[in-house]
Amino acid sequence: MLRLDRTIAAAIVDHARRDHPDEACGVVAGPAGSDRPLRHVPMLNAALSPTFYEFDSTELLALYKEMDARDEEPVVIYHSHTATEAYPSRTDIALAQEPNSHYVLVSTAGGAHEGEGLLPLRSYRIVDGEVSEEEVRLVDGSVTEDTE
Amino acid sequence: MAVEVRVPTILRTYTGGDKAVRGDGGTLAEVFDDLDARHPGLKGRVVEEGDLRRFVNVYVNDEDVRFTGGLDTSLSDGDTVVILPAVAGG
């Protein structure tokens, strides 16, 4: 299960709407090993494409150096699909290289980019080419408390 | 030349979990050959048919080596090599 702060979820949806029809992408970093996504970092889609995303290579290095210095990891890696549903594409599965991350997708297809308010976020683990969907639970305020 | 090579999470299975390993070589290609001797399999995840894999980024002293000669990039003592998988999809 992914627990995600509602304000971060809203910021991800805003990013996806803003970049539509191109795909938007980014991470939510959190303390290493905590599984707590706390710090939203929108990234530049270097591909500037409606069907592909790739973190800009210079920004990618800066991001990982910063996370390393803060003892963080990319708890969530997100991107948008702008013409299809929020399910990992074949390319997403082939290129997924962070087995510990939650891969979050949001879809702005079918006019969803024009609306307001939250869009559904779906989350997946992608390990060795295998996709498993997991529940997303939006929480208010702090995601530091584990209630289970 | 002795350099430090920083290894991403997904490739630490080849380094016994180590985040950074020592490499030796005058060019990036030589360093990956050297690494492969002590960490078999690592090179194949970064290099394919004599070239860097498309979705793996390698940096020498914060410079993406795609702009500095790729595997022919020359190295000096104390340089830092960072390997990072691309974050990409469709």
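Before any of the text, the structure's been laid out above.
Residues numbered from 1 in each chain as written. Chains lettered and ligands numbered in written order. Predicted model: local features only at pLDDT ≥ 70, side-chain atom pairs only at ≥ 80, totals over all residues. Heavy atoms only, no water.

Turning our attention to the interface of chain B and chain A. Facing the 19 residues of chain B at the interface are 23 residues of chain A. Both sides together, the interface formed by chain B and chain A hides about 1,900 Å², and carbon and sulfur atoms give 55% of it. Ranking the residues of chain B by area buried against chain A places Val87, Gly89 and Gly90 of chain B at the top, with a combined share of 34%. For the pair chain B and chain A, the number of links is four salt bridges. The closest approach of N and O atoms between Lys19 of chain B and Asp68 of chain A, which form a salt bridge, is 3.9 Å. Counting every contact that joins chain B to chain A gives 11 residue pairs in polar contact (both at pLDDT 80 or more). Its residues assigned to classes, the side of chain B that touches chain A shows 10 nonpolar, four polar and five charged. In the sheet, strand β4 (residues 53–54) of chain A pairs with strand β8 (residues 88–89) of chain B via two bridges, with the strands oriented antiparallel. Its bridge partner being in β8 of chain B, Tyr53 of chain A is matched across the sheet by Gly89 of chain B. (Contact = heavy atoms within 4.5 Å. Buried area = accessible area lost by both parts, 1.4 Å probe. Salt bridge = Lys/Arg side-chain N within 4 Å of Asp/Glu carboxyl O. Polar contact = N/O pair within 3.5 Å; in protein donor to acceptor, adjacent residues only side chain to side chain. Nonpolar A, V, L, I, M, F, W, Y, C, P; charged D, E, K, R; others polar. Pairing = 2+ DSSP bridges. Helix = DSSP H or I, 4+ residues; strand = E, 2+ residues; numbered from the N terminus.)

Looking now at the packing of aromatic side chains. Residue and element names in this part refer to chain A. Evaluation of the coordinates by the stated rule reveals three aromatic pairs over all chains. Taking 6.4 Å as the distance between ring centres and 55° as the angle between the ring planes, the aromatic pair formed by Tyr53 and Phe55 counts as tilted. For the residue pair Tyr53 and Phe55, the accessibility class agrees, reading buried in each case. Seen in terms of ring centroids, Tyr87 and Tyr124 are 5.3 Å apart; in terms of plane orientation they differ by 80°. Their pairing is edge-to-face. Here Tyr124 lies in strand β7 (residues 121–127) and Tyr87 lies in the loop between β5 (72–81) and α3 (90–95), a separation of 37 residues in the sequence. Judged by its relative accessible area of 0%, Tyr124 is buried. (Phe/Tyr/Trp six-rings, centres within 6.5 Å; stacked < 30°, edge-to-face > 60°. Buried < 20%, exposed > 50% of the residue type's maximum accessible area, 1.4 Å probe, protein only.)

The subject of this paragraph is the nonpolar core. Membership of the largest hydrophobic core comes to 23 residues, with the highest contact counts inside it found for Phe55, Leu60, Leu63, Tyr64 and Ile77 of chain A together with Leu84 and Val87 of chain B. Secondary structure elements with two or more residues in this core: β2 (25–31), β3 (39–43), α2 (57–69), β6 (102–107) and β7 of chain A together with β7 (80–85) of chain B. Ranked by residues supplied to this core, first place goes to α2 of chain A with five residues. Grouped together as the second largest cluster of nonpolar side chains are 21 residues, Val7, Val21, Leu35 and Leu42 of chain B included. (Core = buried A, V, L, I, M, F, W, Y, C linked by side-chain atoms within 4.5 Å.)

This brings us to the pairing of β6 of chain A. Residues and elements named next belong to chain A. Within β6, six of the six residues are buried, which leaves the element mostly enclosed by the surrounding structure. Of the two faces of β6, the one carrying His102, Val104 and Val106 and the one carrying Tyr103, Leu105 and Ser107 are both buried. Sheet analysis places β5 next to β6, joined by six bridges and oriented parallel. Paired with Val76 across the two strands is His102, which belongs to β6. For the handedness criterion, the β-α-β arrangement of β5, α3 and β6 is classed as right-handed. The pairing of β6 with β7 spans four bridges and is classified as antiparallel. Bridge pairing in β7 places Val104 opposite Ser123. (Right-handed = clockwise from strand over helix to strand, strands pointing away.)

You can see Gly69 of chain B is positioned in the loop between β6 (63–64) and β7. Between the C-alpha atom of Gly69 of chain B and that of Ala29 of chain B, which follows or precedes it by 40 residues, the distance is 11 Å.

A word on the pattern of salt bridges. Side-chain pairs of opposite charge can arise where the charged atoms are in close proximity. Residues and elements named next belong to chain A. Enumeration over the complete set of coordinates arrives at 18 salt bridges over all chains. Of the charged contacts in the structure, one is a salt bridge between Arg70 and Glu72, with a shortest N-O distance of 3.2 Å. Here Glu135 makes a salt bridge to Arg137, at a shortest N to O gap of 3.5 Å. Look at Glu135 and you get partly exposed, because its relative accessible area is 46%.

Take the pairing of strand β8 (residues 130–134) of chain A next. All names here are of chain A. Two strands pair when backbone bridges link them, and β7 and β8 are joined in this way by five bridges, in the antiparallel orientation. What sits directly across from Ile126, in β8, is Val131. Turn length for the β7-β8 hairpin, with the two strands adjacent in sequence and antiparallel, is two residues, and the turn residue Asp128 shows positive phi of about 50°.

By themselves, these observations are geometric and do not establish any function.
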